[in-house]
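Per-entry structural report
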Number of protein chains: 2
Amino acid sequence: MVRWMLSEAEGYDFLKKYDVPVPEYFIINSPEDAAKAAEKIGFPVVMKIVSPQIIHKSDAGGVIVNVKTAEDAKSAYTKILTNVKACKPQAEIEGVIVESMAKPGVELIIGGKIDPTFGKIVTFGIGGTMVELVKDVTMRVLPVNEEDVRSMVREIKSYKLIAGYREEKPKDEETLVKSILNVCRAFEENDDLIEFDINPLRLYEKGGVAVDTVFIFSDDEKKNDTEIPQVDISIFDPQAIAVIGASETPGKMGYAVMHKLATFPGNKYPINPNRDSVLGFKAYPSVLNVPGPVDMAVITVPSKSVPAMVEECGKKGVRIAVIITAGFKEMNEAGRRLEQETVAIAKKYGVRIVGPNCLGLISPHKGYDTTYVQRSPKPGNIAFLSQSGAIVNAVVDWSLTNNIGFSAVVSVGNQSDLTFLDYLRWAESDPHTEAIIMYIEEINHGVEFLEDVSRVAKVKPVVAIKSGSSARGRAAAASHTGSLAGSYEVYMEAFREAGVLSVTNLNDAFLAAAYLSHPKHYPKGKRAVVVTNAGGFAVLSNDYAERYGVEMIDLPKNVVEEMDEFLPPFWNKGNPIDLLGDADGERFAKTMNVLEKYDDLWDICIVIGFPNLVLSSEHFAEQIMTLSRSTEKRIMAVLIGGHEMDGGREILRANGLHPFDELETAYRILGRTLQSKFRVKGQGLF
Amino acid sequence: MVRWMLSEAEGYDFLKKYDVPVPEYFIINSPEDAAKAAEKIGFPVVMKIVSPQIIHKSDAGGVIVNVKTAEDAKSAYTKILTNVKACKPQAEIEGVIVESMAKPGVELIIGGKIDPTFGKIVTFGIGGTMVELVKDVTMRVLPVNEEDVRSMVREIKSYKLIAGYREEKPKDEETLVKSILNVCRAFEENDDLIEFDINPLRLYEKGGVAVDTVFIFSDDEKKNDTEIPQVDISIFDPQAIAVIGASETPGKMGYAVMHKLATFPGNKYPINPNRDSVLGFKAYPSVLNVPGPVDMAVITVPSKSVPAMVEECGKKGVRIAVIITAGFKEMNEAGRRLEQETVAIAKKYGVRIVGPNCLGLISPHKGYDTTYVQRSPKPGNIAFLSQSGAIVNAVVDWSLTNNIGFSAVVSVGNQSDLTFLDYLRWAESDPHTEAIIMYIEEINHGVEFLEDVSRVAKVKPVVAIKSGSSARGRAAAASHTGSLAGSYEVYMEAFREAGVLSVTNLNDAFLAAAYLSHPKHYPKGKRAVVVTNAGGFAVLSNDYAERYGVEMIDLPKNVVEEMDEFLPPFWNKGNPIDLLGDADGERFAKTMNVLEKYDDLWDICIVIGFPNLVLSSEHFAEQIMTLSRSTEKRIMAVLIGGHEMDGGREILRANGLHPFDELETAYRILGRTLQSKFRVKGQGLF
């Protein structure tokens, strides 16, 4: 593998080819040519040594700025050569570059690098020496279009430096947008370009110029995007399951799994060479001895025996092997080789592998559970895909307490064969699944995953928790550009582009999935109106709305007047609409009518209630459902309190409108939803 | 009220008196004096018009910079006068100021203003034209000491501009610290100074100089800090309670309150001129007719009758009147006057007032509840003080579902007489109270409150939710300096200085209070070690720790070696310590032993468990309690999952170690705890 960097002149030439403005320059080799070049360019000029051995030109005395006359240019040439020869006598000197001296302007950075998961990404932000201090950058995964680039430019915090600020006139945003687009095109068209930094690009009221550039190329073999085979999702609907390593000893994995599968409605075959039966089912010494067909095998034998068992599965015509056993690549190098061997055997026979080192699959609607969770989850409409077995255990137990059901639970394990991509496709075509949650530590085929998840997220909400955001967790991966665009940030951006809703914890994931599994799915915009009978929660609503990027509309005069008709004279006449603690059902109903009538003003209506003597939670919930049914817009119900609010919560849940019981959480989830759809910003969103 | 601003020269003189470095200057009135002054100062100099009528000197052509010779100084004088006379013929000209031209340096801002709640505050941060763009400022409530100022300087994000950055040498931090301290002293010593901005103060490798200053003075009558009377907390322990407006009509306030007080163990007297008895208790036409003494009166009659009722209470010798009735200053101007009248009458008789416009008081240990919440809360060790009645309703109902008890619940209402300050003093001396939660919209006597709460927080953890953080909620209060140091930020800083733990929602408030009510209260430092058997939660722990400013220690070699003795060979040898999914009680016990032995390495140990077949939640909890008992350091238990973990949770709760059931929440609360004690920073803390 060879890597090379463009010289300054080569960098300028490269950008010029892509219509990005660069300084005029000449490379010369004599004092006279220096003067001529400078005159041609126009004063002042900058002169710099050109030598592949000299990286830090200033340190070697190889840079003279602000050269103002032809005479000065001549003497600058001589001085540069003298300095450099004294400082670096061995350096090979190709000449001196004379270039126009760019006047001061807003200093911006355009960078590019290849993310190991998602490929080419471009970053944009405040450049110059402030870049590390201010860290005001944004990024996109390529490809991008003009609209993407415009949104990038506008979403940096310091955008006012470009749009105009104090007495400063606006800068040439069109030139900037065109330059970024052209740089992106250059990145896409040059397969061997692996990293670059244009820092600064100086932007003026008219035009701009790329002053300093680094371009790194590599002849590294590009990963040949091997076609990922489409998984045949019928393998997740087995008629017969064999448990290889089935046992009657409680505490053994083979016992727990067999115990769980006892209720599977299809055929089940314990495989154990030492027993005639296990838990009442006839046992066979090998899967090859099973008389009928076997679709799925669950393997719990020690790791060293796994390849042989997969070989037998292959011979038997098993379509999917769930390898629970640990001790593969997650343990050591020998384990990694054992895993490769296992996958190779499976591939030979066309057996697909779940795991190894996993809990396997649960399909409550089809009645199988290959895991050793203590109690199986209930059927429902959420598919949960997890890269952590402990999290599957915790979530399943939690779901039973919180009355959440699943269409599928998958512990993906080492993803030696089947990956998130395949399970996502399963969830996509599964008719029971209304929303998908993923706990992700690492995605293998990022580009294909994004393509798929973008498609899925359009029809079924996809919620993701990506772990590994901490510097501590990924210190090893740090690099110069990495410090600005670490891999967690790339994940977040890629997910946003794909329409995946990112959250940071499991509770939020389930609340978001439950809320978005409503047939209306996502709100169509970010404008919110709030109705409550609780003054304190109205005040907090403003705080949370700002923190999580929810836009609170102002009530137009005519709407206020219409509400004046039936609200007490001292109502707050604003949004949140505070109906006051003595608000009864009628006051709510009339308010809901007005909101329905003016539902073009808002995209989301947040209704907040608390236990009180005037309005029962059931009546409150019915008011909410009436509004929800009468508009295409989305309603969010927040019922704060204890058991007094349970009646109302149940009514809402039964109608598919999952309520929230904590106000900040409701706003945080709404904010993240809007962030994933409309790129809203808020201090509390990250 | 008269306000005045110092001229540039007066500002310099003022700062000079306080030993803050300023440019040398002269005010002159002739070209010759200009030249002389410039020569005395040394070139280059800046020359500016001095005229009280000219605020924007540059716009009037009144500024010439970089004057390099005596001749130039003369002509600059003439030019300035010509420009100004042409532009502002009416302006009164006092002369031209000639001052040394400060060389470029790091541009900083020191500002001061008077916060309406907490008084004098000082801000420090990045100055110059970047100030609004970067918004990198910090603040303190006066008085401050040298240590405070040092921490201010070091906590701005751009501190490396001062400490040295890239090739830049460190700047003169000592001069900076001394200057800020001196400015603070000036602010404290000058009662009529109400606002100032030194922007920029230019800081160099050696020394610095205040280049541009604004000082605003006012002869405004200073609020004469009227002594706040110490509340006699025995008023909260009544022997006899009268309900003025007691009723037998369900739905009426006077019914709900009387109904609630029926179980009060002391005497209770319904007051109702139209009935002989209410709910079986003998009724009296007036409180004056009650035969025995009355300590407390609860008033539910319409607002216009309230002053007369308070008058009767006064005559009867009632010590505390809880005015539930609304319709006072929260409604309109007439209500405000009615409230003043009521307070004046009460003062005359020495009756203290709770409310009006409130739910009143609940003291579960003393057996009274003046509110109309649906069910009274249980006795416990948390005092909850709330500025929202709806929030009291929601919290009390929630507490019953979540098995939380209270030592006191107070709905403070309009705080016409008794305020947060008084209720805080009650909670302080109440032996049942172990932790205090406040929901605050506004504090009346900020300075006294801070003094009191600082004292209380040293012995009983105080947790606060302050609403009104949103720009929308406080748009009206915005001002130039206000945009940098809005009142919410001042509250947060004041709370931090007082040792109050700030959270943003009620759930967090209760979790924090419950956790901190343990006899060990706060952790003694910010170093954390994490133990878990759940790999996924170990990964998330790193993320959350970074997000919430929790410092994860590195395990020293000898500790790793000691743990190698009993952990599986492929354990992660790091922190979080991942004991793996098959970790049994013994593995935990041995690990806990090592952690106990090396408890000088850490201040907090977070133990995370999930439902699994190897270790029951009860055994897990016992391991945690063993560690907690064997060390002075604080333990945090996180039991993730559903009912399978309830057994362990109960054991921990019974031992005063309140468990968490969601990992991010646990870290967030720990982060906020450490923020309030050690000023830790994290993206997720605000």
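We now turn to the structure provided with this report.

Definitions and limits used
Residues numbered from 1 in each chain as written. Chains lettered and ligands numbered in written order. Predicted model: local features only at pLDDT ≥ 70, side-chain atom pairs only at ≥ 80, totals over all residues. Heavy atoms only, no water. Core = buried A, V, L, I, M, F, W, Y, C linked by side-chain atoms within 4.5 Å. Buried < 20%, exposed > 50% of the residue type's maximum accessible area, 1.4 Å probe, protein only. Contact = heavy atoms within 4.5 Å. Pairing = 2+ DSSP bridges. Helix = DSSP H or I, 4+ residues; strand = E, 2+ residues; numbered from the N terminus. Axes fitted to C-alpha atoms, helices over the stretch in contact; angles between N-to-C directions. Buried area = accessible area lost by both parts, 1.4 Å probe. Salt bridge = Lys/Arg side-chain N within 4 Å of Asp/Glu carboxyl O. Polar contact = N/O pair within 3.5 Å; in protein donor to acceptor, adjacent residues only side chain to side chain. Least-squares fit on C-alpha atoms with pLDDT ≥ 70 in both. Phe/Tyr/Trp six-rings, centres within 6.5 Å; stacked < 30°, edge-to-face > 60°. Arc of directions from axis to C-beta. Right-handed = clockwise from strand over helix to strand, strands pointing away.

1. With respect to the nonpolar core
- Ranked by size, the top nonpolar core spans 178 residues in total, and within it Phe-537 of chain A together with Phe-537 of chain B carry the most contacts.
- Apart from residues no more than four positions distant in its own chain, Phe-537 of chain A is found in contact with Ile-608, Phe-610, Ile-640 and Leu-663 of chain A together with Ala-390, Ile-391, Ala-394 and Leu-506 of chain B.

2. A look at the sheet that holds strand 3 (residues 45–50) of chain A
Residue and element names in this part refer to chain A.
- An order of 2-5-3-4 is seen for the four strands of this open sheet, with the pairing classed as antiparallel. In the strand order of this sheet, the two ends are held by strand 2 (25–28) and strand 4 (63–67), each with one partner. Adjacent strand axes in the sheet meet at a mean angle of 20° when their direction is disregarded.
- Judged from the three bridges that link them, strand 3 and strand 4 form a sheet pairing that is antiparallel. The residue of strand 4 that forms the bridge with Lys-48 is Val-63.
- Across the face of the sheet, helix 3 (residues 70–87) comes into contact with strand 2, strand 3, strand 4 and strand 5 (95–100) while running at roughly 30° to strand 3.

3. A few points about the pairing of strand 6 (residues 106–115) of chain A
Residue and element names in this part refer to chain A.
- Counting buried positions along strand 6 yields eight of ten residues, so the element is predominantly enclosed.
- Looking at chain direction, strand 6 and strand 9 (residues 193–203) are connected through seven bridges and run antiparallel. Residue pairing across strands places Gly-112 opposite Phe-196, the latter belonging to strand 9.
- The sheet contact formed by strand 6 and strand 7 (residues 119–126) spans eight bridges and is antiparallel. Within the sheet, the bridge partner assigned to Lys-113 lies in strand 7 and is Ile-121.
- Between strand 6 and the antiparallel strand that follows it, strand 7, lie three residues.

4. Concerning the interface of chain A and chain B
- Taken together, the contacts link 71 residues of chain A with 71 residues of chain B.
- Across the interface of chain A and chain B, roughly 5900 Å² is buried in total on both sides, 55% from carbon and sulfur atoms.
- Summed over the shared surface of chain A and chain B, the result is two salt bridges.
- Across the pair Arg-375 of chain A and Glu-644 of chain B runs a salt bridge whose closest N-O atoms are separated by 3.5 Å.
- Taken together, chain A and chain B are joined by 22 residue pairs in polar contact (both at pLDDT 80 or more).
- Among the secondary structure elements, those contributing two or more residues to the side of chain A that touches chain B are helix 4 (131–134), helix 6 (160–163), helix 11 (389–401), strand 24 (462–466), helix 15 (506–516), helix 16 (535–547) and helix 21 (663–678) of chain A.
- When residues in the side of chain A that touches chain B are grouped by element, the largest group, ten residues, is from helix 16 of chain A.

5. Quick notes on the relation of the copies chain A and chain B
- Least-squares fitting of chain A to chain B yields an RMSD of 0.1 Å, with the superposition described by an axial translation of 0.0 Å and a rotation of 180°. One copy is carried onto the other by what is essentially a two-fold rotation axis. Closest approach to the rotation axis among the C-alpha atoms of chain A is made by Gly-684 of chain A, whose C-alpha sits 3.5 Å away.
- Counting the interface residues of chain A, we find that 100% of their copies in chain B are interface residues as well, pointing to one common contact surface.

6. What to know about the pattern of salt bridges
- Tallied over the full model, the rule gives 78 salt bridges over all chains.
- As a salt-bridge pair, Glu-664 of chain A and Arg-547 of chain A come within 3.6 Å of each other at their nearest N and O atoms. You can see Glu-664 of chain A sitting in helix 21 and its partner Arg-547 of chain A sitting in helix 16, a full 117 residues away along the chain.
- Residue Glu-168 of chain B pairs with Lys-171 of chain B through a salt bridge whose shortest N-O separation is 3.3 Å.
- Among the ionic contacts, a cluster of salt bridges with common partners joins Arg-140, Glu-155, Glu-493, Arg-496 and Arg-679 of chain A.

7. Examining unusual backbone geometry
- In this chain, Phe-43 of chain A is followed by Pro-44 of chain A through a cis amide linkage whose omega measures -5°.
- Assignment of secondary structure puts Pro-44 of chain A in the loop between helix 2 (31–41) and strand 3.
- At the junction of Asn-575 of chain B and Pro-576 of chain B, the peptide bond is cis and its omega measures out at 5° in the coordinates.
- One can find Pro-576 of chain B in the loop between helix 17 (557–564) and strand 28 (577–578).
- Backbone geometry at Asn-66 of chain A places phi at a positive 60°, although glycine is not the residue there.
- Mapped onto the elements, Asn-66 of chain A comes out in strand 4.
- Look at Asn-66 of chain A and you get partly exposed, because its relative accessible area is 36%.

8. A short note on the packing of aromatic side chains
- A full pass over the atoms with the stated rule returns 42 aromatic pairs over all chains.
- Aromatic pair Phe-196 of chain A and Phe-215 of chain A: ring centres 5.7 Å apart, planes at 20°, arrangement stacked. In this pair, Phe-196 of chain A sits in strand 9 while Phe-215 of chain A sits in strand 11 (residues 213–218), placing the two residues 19 residues apart along the sequence. Judged on exposure class, the residue Phe-196 of chain A and its partner Phe-215 of chain A are both buried.
- Relative to Tyr-25 of chain B, the ring of Tyr-12 of chain B has its centre 5.9 Å away and its plane inclined at 40°; by these criteria the two rings are tilted. Taken together, the residues span a long stretch of sequence, with Tyr-12 of chain B in helix 1 (residues 8–17) and Tyr-25 of chain B in strand 2 (residues 25–28) at a distance of 13 residues.

9. Some remarks on the environment of Val-50 of chain A
Residues and elements named next belong to chain A.
- Residue placement: Val-50 occurs in strand 3.
- For Val-50, a relative accessible area of 13% puts it in the buried group.
- Distance in space between the C-alpha atoms of Val-50 and Gly-648 is 76 Å, their sequence separation being 598 residues.
- Other than its neighbours up to four places away in sequence, Val-50 contacts Glu-92, Ile-93, Glu-94, Gly-95, Val-96 and Ile-97.

10. Description of the side chain of Asn-612 of chain B
- Its place among the elements puts Asn-612 of chain B in the loop between strand 29 (604–609) and helix 19 (617–630).
- Polar side-chain contacts of Asn-612 of chain B include one of 2.9 Å to the backbone nitrogen of Val-614 of chain B.
- Among the polar contacts listed, one links the side chain of Asn-612 of chain B to the backbone nitrogen of Leu-615 of chain B, at a separation of 3.2 Å.
- Once you skip the residues sitting within four places of it in the chain, Asn-612 of chain B turns out to touch Gln-374 of chain A together with Asn-533 and Gly-581 of chain B.

11. Details of helix 2 (residues 31–41) of chain B
Residues and elements named next belong to chain B.
- Within helix 2, burial applies to Ala-34, Ala-35, Ala-37, Ala-38 and Ile-41. When helix 2 is viewed along its axis, its buried side chains cluster within an angular range of 165° and face the same direction. Turned more than 90 degrees off the buried face of helix 2, the exposed positions are Lys-36, Glu-39 and Lys-40.
- Positive phi shows up at Gly-42, right after helix 2, with a value of about 100°.

12. Considering the sheet that holds strand 21 (residues 378–386) of chain A
Residue and element names in this part refer to chain A.
- On the basis of which strands lie adjacent, the open sheet formed by seven strands has the order 20-19-22-21-23-24-25 and mixed pairing. Each edge of the open sheet carries a strand with a single partner, namely strand 20 (368–369) and strand 25 (501–503).
- Pairing of strand 23 (residues 435–440) with strand 24 involves five bridges; the strand directions are parallel. Bridged to Ile-440 within strand 24 is Lys-466.

13. Some details on the pairing of strand 12 (residues 240–244) of chain A
All names here are of chain A.
- With five of its five residues buried, strand 12 lies for the most part within the structure.
- Taken together, the five bridges between strand 12 and strand 13 (residues 267–271) define a ladder with parallel strand orientation. In the sheet register, Ile-244 faces strand 13, and the bridge partner there is Ile-271.
- In terms of handedness, the path from strand 12 via helix 8 (residues 253–261) over to strand 13 forms a crossover that is right-handed.
- In this sheet, strand 16 (residues 296–299) lies alongside strand 12 in parallel orientation, the contact comprising four bridges. Residue Ile-241 lies in a different strand from strand 16, and its bridge partner there is Met-296.

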